[in-house]
Amino acid sequence: MATLINETFNAFHHVFHELPDRRTDDWFLMGSIWMPISISAIYVYFVKYWGPRFMKNREPFKLDHIIAIYNFIQMVWCFELFYDGYTLEWGTKYRLFGEPVNYTNDPEALRIASGIWQYYILKIIDLLDTVFFVLRKKDRQVTFLHVYHHAGMVIIAWSVARYVPGGHTTLVGATNCFVHVFMYGYYLLAVLWPEMKNNTWVKKHITHLQMFQFVYLFFHSMPVLLMKNSEYPKFMAFLYIAQSVAMFFLFANFYVKSYLKTKKKDT
């Protein structure tokens, strides 16, 4: 028993104290795995329990102006991260599969690591999507897909920024930011012009784009598992593959329920 406890402690110390990228030690909300776990746990508790109880006997908050500013910031920030991902990495010198992480203090390597850290912070800010739903009493939109996706992405983004801030990883964030430029752009238009909320064609194609990104990222990461001498960690590639598969089927289920079944009812 003592041996098992000692091995467990040594494994924990190795994973959380020896493996992390030391460059990110002092970066905001990066020091410990308990930071993203605590943030995600508080988020889930608020949107599923405390928030709905708080709003039960209250009128919905009118947050249109705040949400418009939020969507604009998200759209611009996502575009900036996508642009950096293209100009610094995938559009210039990165190879398509298994690009290793540059762990040096080279200014460009640090800029890439900083971009991944920004992506992690952006995933925390994304949690406000659901908070706004709760405060506006849009409880039907607080689905398992929505909550799982947001809470899980905080922990995954922290893991990437802590262990592999660069290399093959960056295409995941860049692709996701590209999709989110369109998504938050639509959200912004829907606030400024409410009639856009009823535009099923736009919403359906944004969902198509979201589903396509998971297919694309699946096939982007699969070769890393098949490479004999990959310089990029196979475990992280496996994590992206598993997440891509799970998210694709959750979004596919959402698509069927929201658009195909609704269309059948209307005909």
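Predicted model only: the values in this text are computed from it and were never measured.

### Thoughts on the layout of surface pockets
At step 1: Of the voids in this model, the largest pocket is the one considered here, and its volume is about 1,600 Å³.
At step 2: The wall of the largest pocket is formed by 39 residues, among which Phe133, Gln141, Tyr187, Lys203 and Phe254 lie closest to the centre.
At step 3: The set of elements that each furnish at least two residues to the lining of the largest pocket consists of α3 (64–90), α5 (128–135), α6 (144–163), α7 (170–192), α8 (200–226) and α9 (234–266).
At step 4: Among the elements that line the lining of the largest pocket, the one with the most residues is α7, at eight residues.
At step 5: Of the residues contributing to the lining of the largest pocket, the split by class is 17 nonpolar, 14 polar and eight charged.

### Regarding empty space enclosed by the protein
At step 1: Evaluated as defined, the whole model comprises three cavities of 30 Å³ or more.
At step 2: Along the walls of the largest cavity sit 29 residues, with Tyr119, Thr169, Val172, Gly173 and Ala174 positioned nearest its centre.
At step 3: For the lining of the largest cavity, the secondary structure elements donating two or more residues are α3, α4 (107–125), α6, α7, α8 and α9.
At step 4: Tallying contributions element by element places α7 first for the lining of the largest cavity, with six residues.
At step 5: Residue classes in the lining of the largest cavity are distributed as 16 nonpolar, 10 polar and three charged.
At step 6: When its volume is computed, the second largest cavity comes out at roughly 40 Å³.

### As for the state of the cysteines
At step 1: Evaluated as defined, the whole model comprises zero disulfides.
At step 2: Unpaired in this structure, Cys78 has its nearest cysteine sulfur neighbour in Cys177, at a distance of 4.5 Å.

### Looking at α4
At step 1: Here α4 spans 26 Å end to end across 19 residues, near enough to the 27 Å set by a 1.5 Å rise per residue.
At step 2: Taken together, the buried positions of α4 are occupied by Ala109, Ile112, Ala113, Gly115, Ile116, Gln118, Tyr119, Tyr120, Ile121, Leu122, Lys123 and Ile124.
At step 3: Where α4 starts, the residue carrying a side-chain oxygen 3.0 Å from the main-chain nitrogen of Glu108 turns out to be Asp106.

### Structural notes on the UniProt feature "transmembrane region" (unreviewed entry) in the protein
At step 1: According to UniProt, the positions carrying the feature "transmembrane region" (unreviewed entry) are residues 27–46, 67–86, 116–135, 147–165, 171–193, 205–225 and 237–256.
At step 2: Split by type, residues 147–165 is 89% helix and 0% strand. Its first and last C-alpha atoms lie 25 Å apart.
At step 3: Secondary structure over residues 205–225 splits into 100% helix and 0% strand, and the C-alpha atoms at its two ends are 31 Å apart.

### Quick look at the environment of Phe214
At step 1: By secondary structure assignment, the location of Phe214 is in helix α8.
At step 2: Sequence separation between Phe214 and Gln243 is 29 residues; the distance between their C-alpha atoms is 8.4 Å.
At step 3: Discounting residues that sit within four places of it in the chain, Phe214 has contacts with Ser244, Met247, Phe248 and Phe251.

### A few points about the nonpolar core
At step 1: One finds Val47, Tyr120, Val160, Val164, Tyr232 and Tyr240 to be the most contacted residues of the largest nonpolar core, which totals 55 residues.
At step 2: Breaking this core down by element, the ones donating at least two residues are α2 (34–55), α3, α4, α5, α6, α7, α8 and α9.
At step 3: It is α6 that provides the largest number of residues to this core, a total of 10 residues.
At step 4: In this view, Tyr232 contacts Gly98, Glu99, Val101, Val164, Gly166, His168, Thr169, Val224, Ala237 and Tyr240; residues no more than four positions away in its chain are not counted.
At step 5: One finds Leu145, Met211, Phe214 and Tyr255 within the second-largest nonpolar core, a separate group that totals eight residues.

### Points about the pattern of salt bridges
At step 1: If you walk through the whole model with that rule in mind, you get five salt bridges.
At step 2: One salt bridge connects Arg111 with Asp84, and the closest N-O pair in it is separated by 3.2 Å. Taken together, the positions of Arg111 in helix α4 and Asp84 in helix α3 put the pair 27 residues apart, joining distant regions of the chain.
At step 3: A salt bridge links Asp126 to Lys123, with the nearest nitrogen and oxygen atoms 2.7 Å apart. Grouping residues by exposure puts Asp126 and Lys123 together as buried.
At step 4: In this structure, a network of salt bridges that share partners links the residues Arg22, Asp25 and Arg162.

Parameters and conventions
Residues numbered from 1 in each chain as written. Predicted model: local features only at pLDDT ≥ 70, side-chain atom pairs only at ≥ 80, totals over all residues. Heavy atoms only, no water. 1 Å grid on protein atoms, 1.4 Å probe; cavity = no way out; pocket = protein on both sides within 12 Å on 5 of 7 lines; lining within 4 Å. Points joined across faces, edges and corners; volume = space filled by probe spheres on them. Helix = DSSP H or I, 4+ residues; strand = E, 2+ residues; numbered from the N terminus. Nonpolar A, V, L, I, M, F, W, Y, C, P; charged D, E, K, R; others polar. Disulfide = S-S within 2.5 Å. Expected span 1.5 Å × (residues − 1). Buried < 20%, exposed > 50% of the residue type's maximum accessible area, 1.4 Å probe, protein only. Polar contact = N/O pair within 3.5 Å; in protein donor to acceptor, adjacent residues only side chain to side chain. UniProt positions renumbered as here; feature names shortened; annotations may be inferred. Contact = heavy atoms within 4.5 Å. Core = buried A, V, L, I, M, F, W, Y, C linked by side-chain atoms within 4.5 Å. Salt bridge = Lys/Arg side-chain N within 4 Å of Asp/Glu carboxyl O.

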